[in-house]
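Single-letter residue listing:
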Amino acid sequence: MTNFKSLGLDASLLKAVEKLGFETPTEVQSKVIPILLNDKTDLVGLAQTGTGKTAAFGLPMLQHIDLEIRKIQGLILSPTRELCLQITNEIGQYGSEIKKLNVVAVYGGANISEQAKKIKRGSHIVVATPGRLKDMIRRKLIDIGSIKFCVLDEADEMLNMGFYEDIKSILNYTPKTKSSWLFSATMPPEVHTIAKKFMTAPVEITVGTKNAGTKNVDHQYFIVPGRERYTALRAVLGMNPDIFGCVFCRTKIETQKVAEKLIQDGHKAAAIHGDLSQNQRDAVMQSFRKKKIQLLIATDVAARGIDVEDITHVINYQLPDEIETYTHRSGRTGRAGKLGTSIIFITKSDKRKIKLIENKLQIKLTEFEMPSAQEILKNKIQHWIQQIKNTPIKSDLKPYLAMVHKEFEDFDKEILVDLIFSKEFRNYDINPKISSFDLGKKSEKYSDKKINAPHEKDRFFINVGSRDQYEWTTLKDFVRSYLKLGTDDVFQVEVMKNFSFFSTHKKYRDLVLKSFENLNLDNRKISVELTKKGKTFFPKKKKKKSNYGSKSKKGFK
Ligand code: AMP
C-alpha cells in the first residue's frame with residue numbers, strides 16, 4: 001500500500017502530515033504528488049474538494065520552495081475568500097515544520113495595505129482571489145514575475161464566477177517558465193480553453209470518473225408539487241432529526257423565506273446569500289461550522305468555497321440551472337471518506353432532467369416517495385426514545401431527582417410515560433389537513449401564510465445578542481416569558497453579536513414596546529425598538545448599528 005514516505009516527500013513534510021493524523025495518501029495525492037515532485041510539468045487534475053487535492057499540490061510546492069529566496073515562488077488562485085483562507089491555513093499546516101516559511105493570503109473585503117505589508121516582508125507562497133490580486137498587481141503592491149508554480153484551484157468555479165479576464169491578465173504577469181497546475185471538479189469547455197491556451201502539454205489526472213459526483217454520496221430525488229417544497233423539506237427533516245445540512249435555493253429571497261420558516265418551526269437555520277455583508281456571511285459560516293446552526297440555506301454563489309466537515313445532507317430545493325452546479329452542491333457532503341445524501345425536490349414536469357443529470361454526471365439517482373405523516377411521527381418518536389435512553393444522568397442533579405421522585409411516587413410507570421410522551425408531542429398534528437406528508441405544523445392561528453403576511457407581524461430590534469450569551473432559543477424564551485406570551489407568539493428570532501431581532505403578531509406591538517420600556521438587566525438598559533418596514537431579515541452592514549450600552553434610543557433605524 002502507498003504511504004506518504006514512498007511518494008518521495010521530505011522529512012519535514014512527512015512530520016507535518018503525521019502530526020495532522022493523515023495515515024495514507026488519498027487517490028489524488030498518490031497520483032499527483034510523485035509527478036509534481038519529479039517532473040517539471042503542467043498538470044490538469046480533475047478532482048473535487050474533499051478529495052485531498054490541496055495537499056496534492058501543496059506538498060510538492062512546499063518541497064520545491066527555496067526558503068533563501070525571498071520572492072514569491074508559488075501562486076495559488078482560488079475563487080472565493082473562504083476557500084483562499086482555507087487553502088492558506090492548510091498550506092500553513094503542511095509547512096508547519098519548515099522554519100521561515102511565509103504563506104500570505106490575498107483576498108477582497110480586507111485591508112489591502114495590511115496584505116501589501118505582509119507581501120513586502122517576503123512571502124514564498126501567495127494564495128489569492130483573482131480580483132484582489134489583479135488590483136494589487138495594478139497598484140504595484142505585488143510582484144509575481146518570479147513565480148515557479150501557479151495553481152488554478154477550482155478552475156470551473158472561477159470561470160463560473162466570471163474571473164476569466166482577471167485570470168488571463170494575471171497570467172500575463174507570470175513567467176513562461178513556470179509550471180501550471182489546474183484543478184477542477186468538472187471539465188466544461190471553458191476550463192478546456194484555459195488549459196489549452198495557458199498550459200503546455202499538461203498531464204491529465206482524473207480522480208474517480210470524469211465529471212462524476214463523489215461516490216460516497218447517495219443521490220435521491222422526490223417528486224414534489226412546486227408549492228409543497230417546504231412541506232417536503234419538513235418531511236425530510238422529520239425523517240432525519242440529526243441532519244447537518246445545506247439547502248440550496250435559486251434566489252436570495254427564497255433562501256431567506258425558507259430560513260425564516262425553519263426558524264419559526266423550531267429549527268436552527270440561517271440563510272447565506274449575496275446580500276449579506278462579508279462580516280455577516282463570516283458570522284453565519286462560523287455558526288454553521290461550530291454546528292450552532294443545523295441547516296444552512298444558501299444560494300449557489302454564496303455557498304462557493306464552503307468546506308464544512310460532516311455535512312450529512314445536501315438538499316436541492318430546486319435544481320440548479322447548470323447541471324455542473326449539481327456536482328458542486330452534492331460535493332459538499334460525502335467528504336473525507338464519510339457517507340452523505342444529496343436530495344433533489346423535483347416537479348413532475350421536470351422529471352426528464354433526472355435522466356440528463358444521470359447521463360451527464362454518470363451517477364444514479366434513486367426515486368423515493370415522501371414518507372407519510374405517520375411514518376415521520378414514528379421516526380421522531382423512535383429518535384426521541386433513543387435520545388432519552390442515551391441521556392447520561394447528571395450527578396449534580398441527583399439531589400433534585402429525589403424531589404422529582406417524591407413528586408411522582410404515586411404514579412404508575414405507564415401513566416408517567418404517557419404523560420411525558422404527551423407533553424413532548426403535544427404540538428403534533430397527527431391528522432394533517434394540508435398535505436399527506438406534512439406533519440407538526442403549528443396551529444392555524446400562526447400558519448406560515450399568516451406569519452409571513454408582512455402587515456400582520458411586527459419585527460423588533462433588541463440590544464442583546466450572542467455576546468450576552470444568548471442563542472435564539474434562550475432569547476425567545478426570555479422575551480416570551482417576560483411578556484407572558486405563548487411559544488408561538490414570539491418567532492423568527494435572529495441573534496447577532498451585539499443585538500437581535502424577533503417578530504410578534506401586530507396585536508402585541510404595544511405590549512412589547514411598553515413592557516421593555518423600563519427594563520434594566522445587570523445595570524444595563526434593555527432597549528426594544530420596532531424595525532423599519534421592509535427591512536431584510538439580516539440588515540445590511542452599513543445600517544447595522546447597535547445601541548449596546550448607549551442611552552440613545554436611535555440604535556437601529
Ligand atoms: P481538500 O480536498 O484539499 O479540500 O481536503 C479535504 C480534507 O481532507 C481536508 O480537511 C484535509 O485536511 C483532509 N485530508 C487531506 N488529505 C488527507 C489524507 N491523506 N488523510 C486524511 N485526511 C486528509
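Analysis parameters
- Residues numbered from 1 in each chain as written.
- Predicted model: local features only at pLDDT ≥ 70, side-chain atom pairs only at ≥ 80, totals over all residues.
- Heavy atoms only, no water.
- Core = buried A, V, L, I, M, F, W, Y, C linked by side-chain atoms within 4.5 Å.
- Buried < 20%, exposed > 50% of the residue type's maximum accessible area, 1.4 Å probe, protein only.
- Helix = DSSP H or I, 4+ residues; strand = E, 2+ residues; numbered from the N terminus.
- Contact = heavy atoms within 4.5 Å.
- Near = heavy atom within 4 Å.
- Polar contact = N/O pair within 3.5 Å; in protein donor to acceptor, adjacent residues only side chain to side chain.
- Nonpolar A, V, L, I, M, F, W, Y, C, P; charged D, E, K, R; others polar.
- Salt bridge = Lys/Arg side-chain N within 4 Å of Asp/Glu carboxyl O.
- Pairing = 2+ DSSP bridges.
- Axes fitted to C-alpha atoms, helices over the stretch in contact; angles between N-to-C directions.
- Parallel < 35°, antiparallel > 145°, perpendicular 65-115°, else oblique.
- Left-handed = near helix turned anticlockwise from the far one by under 90°.

Here we come to the nonpolar core. For soluble globular proteins, nonpolar side chains are generally found buried alongside one another. Leu59, Ile76, Ile125 and Trp181 are the most contacted members of the largest nonpolar core, which totals 40 residues. When residues of this core are traced back to their parent elements, those giving at least two are helix 1 (11–19), helix 2 (27–38), helix 3 (53–64), helix 4 (81–94), strand 3 (103–106), strand 4 (125–128), strand 5 (149–152) and strand 6 (179–184). Excluding residues that lie within four positions of it along the chain, Leu59 makes contacts with Phe4, Leu9, Leu13, Val17, Ile33, Thr54 and Tyr94. Residues Leu75, Ile137, Ile147 and Leu182 belong to the second largest nonpolar core, which totals 33 residues.

Here we take up the site of the ligand. Neighbouring the ligand are 16 residues, the closest being Thr24, Gln29, Gly50, Gly52 and Thr54. Here a nitrogen atom of the ligand sits 2.7 Å away from a polar atom, N or O, in the side chain of Gln29. Separating an oxygen atom of the ligand from a backbone N or O atom of Thr51 is a distance of 3.0 Å. Every element with two or more residues in the shell around the ligand is listed here: helix 3 and helix 4. Of the residues assigned to the shell around the ligand, the class counts are four nonpolar, eight polar and four charged.

Now for the pattern of salt bridges. Note that side chains of opposite charge can pair when their charged atoms are close. The tally for this structure, following the rule as stated, stands at 26 salt bridges. For Glu114, the salt bridge is made with Lys117, and the minimal N-O distance between the two is 3.6 Å. Of the two residues, Glu114 and Lys117 both sit in helix 5 (residues 112–120), three residues apart, roughly one turn of that helix. Of the residues examined, Lys117 reaches a relative accessible area of 46% and is grouped as partly exposed.

We now examine the sheet that holds strand 12 (residues 313–316). Read across the open sheet, the seven strands follow the order 10-11-9-12-13-8-14; overall the sheet is parallel. Since the sheet does not close on itself, it has two edges, and those belong to strand 10 (269–272) and strand 14 (365–367), each with one partner. Across the sheet, the axes of successive neighbouring strands diverge by a mean angle of 20°, strand direction being ignored. This element, helix 11 (residues 252–264), spans strand 10 and strand 11 (295–298) of the sheet and lies at about 170° to strand 10. Strand contacts of helix 12 (residues 278–289): strand 9 (245–248), strand 10 and strand 11, with the helix running at about 140° to strand 10, the strand carrying the most contacts.

A separate point is the packing of helix 10 (residues 229–239) against helix 11. At a closest axis distance of 12 Å, the pairing of helix 10 and helix 11 adopts a crossing angle of 50°. In terms of orientation, helix 10 and helix 11 fall into the oblique class. In the packing of helix 10 onto helix 11, the handedness of the crossing is right-handed. Contacts from Tyr230, Leu233 and Leu237 of helix 10 reach helix 11 at Val258, Lys261 and Leu262. Counted by class, the contact of helix 10 with helix 11 contains five nonpolar, no polar and one charged residues.

Strands sit in the order 16-17-15-20 across an open sheet of four strands; the sheet is antiparallel. Lying at the two open borders of the sheet, with one neighbouring strand each, are strand 16 (490–495) and strand 20 (528–530). Direction aside, neighbouring strands of the sheet carry axes that sit 25° apart on average. Across six bridges, strand 15 (residues 457–462) lies against strand 17 (residues 500–505) in antiparallel orientation. If you follow Phe460 over to strand 17, its bridge partner there is Phe502. Sheet strands in contact with helix 11 are strand 15 and strand 16, and its direction is about 115° off that of strand 16. Running at roughly 135° to strand 16, helix 20 (residues 472–483) makes contact with strand 15, strand 16 and strand 17 of the sheet.

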